[in-house]
Amino acid sequence: MNELSLSGHNLTIGDVIDVAVNMRPANLTRESRESIVKSNEVVKQKIAAKEIVYGITTGFGNLANVVIDTEKSAQLQKNLIISHACGVGEPFPPEIVRAIMLLRANALANGFSGVSPACVDTLLEMLNKNVIPFVPSKGSLGASGDLCHLAHIAQVMMGLGEAFYGGELLPGCEALKRAGIAPFAPMGKDGLGLINGTQAMSAIGAFACYDAHRLLMVANTAAALTLEALGGCIDAFDERLHKVRPHPGQVKCAADIRQLLEGSLNIGKSGRVQDAYSLRCVPQVHGASWDAANYAANVLTIEINSVTDNPIVFKDEGNVISGGNFHGQPLALSLDFLGIAMAELANISERRTERLVNPTLSGLPGFLTKEPGVNSGFMIPQYTAACLVSENKVLAHPASVDSIPTSANQEDHVSMGAISARKCNEIIKNTRYVLAIELMCAAQAVDIGGNVAGLGTYTKKIYEAIRAAIPRLDNDRYLAPDIEKLAEMVADGVFNKIIV
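All of these numbers come straight from a predicted model, not from anything done at the bench.

(A) Local environment of the overall build of the protein. Of the regular secondary structure elements, the protein holds 20 helices and 9 strands. A compact globule built from 500 residues would reach a C-alpha radius of gyration of about 23 Å, and the protein, at 26 Å, matches this within 12%. Referenced to the eigenvectors of the C-alpha coordinate spread, the extents of the protein come out at roughly 85 × 50 × 45 Å. Among the 500 residues that make up the protein, the fraction classed as buried is 56%. Within the protein, residue pairs in contact and separated by at least 24 positions form 78% of the contacts whose partners lie at least 6 positions apart. Carbon together with sulfur atoms contributes 55% to the accessible area of the protein, which is approximately 20000 Å² in total. Averaging the locations of the 42 positively and 50 negatively charged side chains of the protein gives two centres separated by 3 Å.

The structure is reproduced here in structure tokens:
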């Protein structure tokens, strides 16, 4: 597998997923290494000159006015890492931790952080040898960066903390030993350079953006199959309608639905002049979520190629400037927005599922079973979808509007961006299930209505993929495994591949 060369400024969300999931190796470019060396020299000069520079010769946060003796510089950086590793809760999954490590290395590759080359080398060696620090998922305020999460990674670099290696959770020193990695001793600005940044929320956000774009296409697919099952109207997807209100996502979604329904003999069979909003307004609702997802992806792409620590070392001028690039507000807002957009995908999907299972609305047997009463059919899957949609509404409350002052009020406004990211990720998981339930019900409705032969070219492929995974429901059976199986197919991009 080709190595990913980190320059600090051309990483893509796809690259992040490739390294985090497929374990593509990553290393520094020659130019990045040279830049890191030069910025590290500036830090060494400042220490030698005994200049007062935040986080290098001073304490941190509200302790910024406490000057540290030069000979205690290394102890300062080590203590910083140890004291800040205070996360709680379930650990992040390995792919999220790998993404965090990659993103921190890429930020340092810009050469504005003043860390030593050995610092970045150790981080990348751990990544490439799959030493995965145990990183609790809760503890970041999203300003001063994701200090807590990053400190759990940095302490493993020193041989402390815990890490997974070869499927075992081991003491950090043992994990490094088995991987053949020498423990790293931070000095200068290494400790602060490792933990001051937005890489945890960025890593979760990168996965959220990647998964969201997959879900958006599946949502269009589910809507198209539901339209087939209910004999819906095609007029609402007419290209001319969307040209006079040309939001990019709306135009794209209408075009996708038209393509998905090509060759269908079922569309229009209901004889309705127009459909309910959950069918008719798919381009407007799904399209707005597309635009929100694209906005979030643009913010994430800027962020994962940015310098987000403090202070920042400008090597050419020999200056070290304190600022607030660690503040996660851009991500907090965009990931709250993305979470809301994904919650709306689930919201409208559940309404389409209700139209499928409700005999008053569908004209089909109640709950899509041939013998309603004796059989409950798909009654309860709609309950599950409603439960998940309701939970999403709670999770969609923006975290970015909250702030709690910390560090003796020195850090008096924080972004809560890591919470925005975690909530968004949970909403996406719930939405995956809601769409799986709609796909399951739509396929059953196509069967019950005798509409299989009239399916369009693409909707037929989607239907066949569903039926290859789960059989039609003739009598009540255990449906939870069916939902799980379809949700896994959604997560794995099975339906996306069919459309492409």
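Next comes the rest of the description.
(B) Fine view of helix α19 (residues 480-491). Across its 12 residues, α19 extends 16 Å between first and last C-alpha, which sits within 8% of the 16 Å expected from 1.5 Å per residue. Those residues of α19 lying buried are D482, I483, L486, A487, M489 and V490. Within α19, the buried residues cover an arc of 155° as seen down the axis, which keeps them to one side. Contacts made by the buried residues of α19 are with α9 (199-230), α17 (417-448), α18 (457-469) and α20 (494-499).

(C) Summary view of the sheet that holds strand β7 (residues 168-171). The strand order across the open sheet built from 3 strands is β4-β6-β7, with neighbouring strands paired in antiparallel fashion. Across the chains shown, the open sheet's two edge strands, defined by having one partner strand only, are β4 (132-133) and β7. Across 2 bridges, β4 lies against strand β6 (residues 162-165) in antiparallel orientation. Paired with I132 across the bridge in β6 is F164.

(D) Examining the environment of S407 more closely. In this fold, S407 is placed in the loop between α16 (379-395) and α17. A relative accessible area of 28% places S407 in the partly exposed class. Sequence-wise, S407 and N62 are 345 residues apart; in three dimensions their C-alpha atoms are separated by 5.6 Å. Not counting residues up to four positions away in its chain, the partners in contact with S407 are G61 and N62.

(E) Layout of the packing of aromatic side chains. If you walk through the whole model with that rule in mind, you get 3 aromatic pairs. The ring of W290 has K252 sitting right over it, with the charged end atom 4.7 Å from the ring centre. Against the face of F112 rests K315, its NZ or CZ located 4.2 Å from the ring centre.

(F) Region of interest: helix α3 (residues 73-84). Its 12 residues place the ends of α3 17 Å apart at the C-alpha level, agreeing with the 16 Å of an ideal helix rising 1.5 Å per residue. Listed as buried for α3 are S73, L76, Q77, L80 and I81. Take α3 and look down its axis: the buried residues cluster within an arc of 130°, on one side only. The inward-facing, buried residues of α3 contact α2 (30-48), α6 (147-157) and α8 (190-195).

(G) Broad picture of the environment of A296. Here A296 lies in helix α13 (residues 282-303). Classification of A296 by relative accessible area gives buried; the value is 0%. C-alpha separation for the pair A296 and P372, spaced 76 residues apart in sequence, amounts to 45 Å. For A296, the contacting residues outside a window of four places in its chain are C209, S334 and L338.

(H) Local environment of the nonpolar core. Membership of the largest hydrophobic core comes to 146 residues, with the highest contact counts inside it found for L6, L194, L338 and F495. The element best represented in this core is α9, accounting for 21 residues. Look past the residues within four positions of L194 in its chain and what remains in contact with it is I81, R104, L108, C119, L123, L150, A154, M157 and F184.

(I) Seen up close, the side chain of S306. Mapping S306 onto the fold places it in the loop between α13 and β8 (312-314). If near-sequence neighbours (up to four positions away) are discounted, S306 is found in contact with G8, A107 and N110.

(J) View of the pattern of salt bridges. Scanning the model with the defined rule gives 23 salt bridges in all. Its salt-bridge partner being D309, residue R104 comes within 3.9 Å of it at the nearest N-O pair. Taken together, the residues span a long stretch of sequence, with R104 in helix α4 (residues 94-109) and D309 in the loop between α13 and β8 at a distance of 205 residues. Among the residues examined, R104 registers a relative accessible area of 2% and is labelled buried. With a relative accessible area of 1%, D309 lands in the buried category.

(K) Summary view of the packing of helix α5 (residues 117-128) against α6. For the pair α5 and α6, the least separation of the axes is 10 Å and the interaxial angle reads 95°. One finds that α5 runs roughly perpendicular with respect to α6. Counted together, C119, T122, L123 and M126 of α5 and I153, V156 and M157 of α6 form the full contact between these two elements. When the residues that make up the contact of α5 with α6 are grouped by side-chain class, the tally is 6 nonpolar, 1 polar and no charged.

Reading guide: rules and limits
Residues numbered from 1 in each chain as written. Predicted model: local features only at pLDDT ≥ 70, side-chain atom pairs only at ≥ 80, totals over all residues. Heavy atoms only, no water. Helix = DSSP H or I, 4+ residues; strand = E, 2+ residues; numbered from the N terminus. Rg over C-alpha atoms; globule rule 2.2 N^0.38 Å. Buried < 20%, exposed > 50% of the residue type's maximum accessible area, 1.4 Å probe, protein only. Contact = heavy atoms within 4.5 Å. Areas by Shrake-Rupley, 256 points an atom, 1.4 Å probe, with all protein chains shown as cover. Lys, Arg positive; Asp, Glu negative; His and termini not counted. Charge placed at Lys NZ, Arg CZ, Asp CG, Glu CD. Expected span 1.5 Å × (residues − 1). Arc of directions from axis to C-beta. Pairing = 2+ DSSP bridges. Phe/Tyr/Trp six-rings, centres within 6.5 Å; stacked < 30°, edge-to-face > 60°. Lys NZ or Arg CZ within 6 Å of the ring centre and 35° of its normal. Core = buried A, V, L, I, M, F, W, Y, C linked by side-chain atoms within 4.5 Å. Salt bridge = Lys/Arg side-chain N within 4 Å of Asp/Glu carboxyl O. Axes fitted to C-alpha atoms, helices over the stretch in contact; angles between N-to-C directions. Parallel < 35°, antiparallel > 145°, perpendicular 65-115°, else oblique. Nonpolar A, V, L, I, M, F, W, Y, C, P; charged D, E, K, R; others polar.

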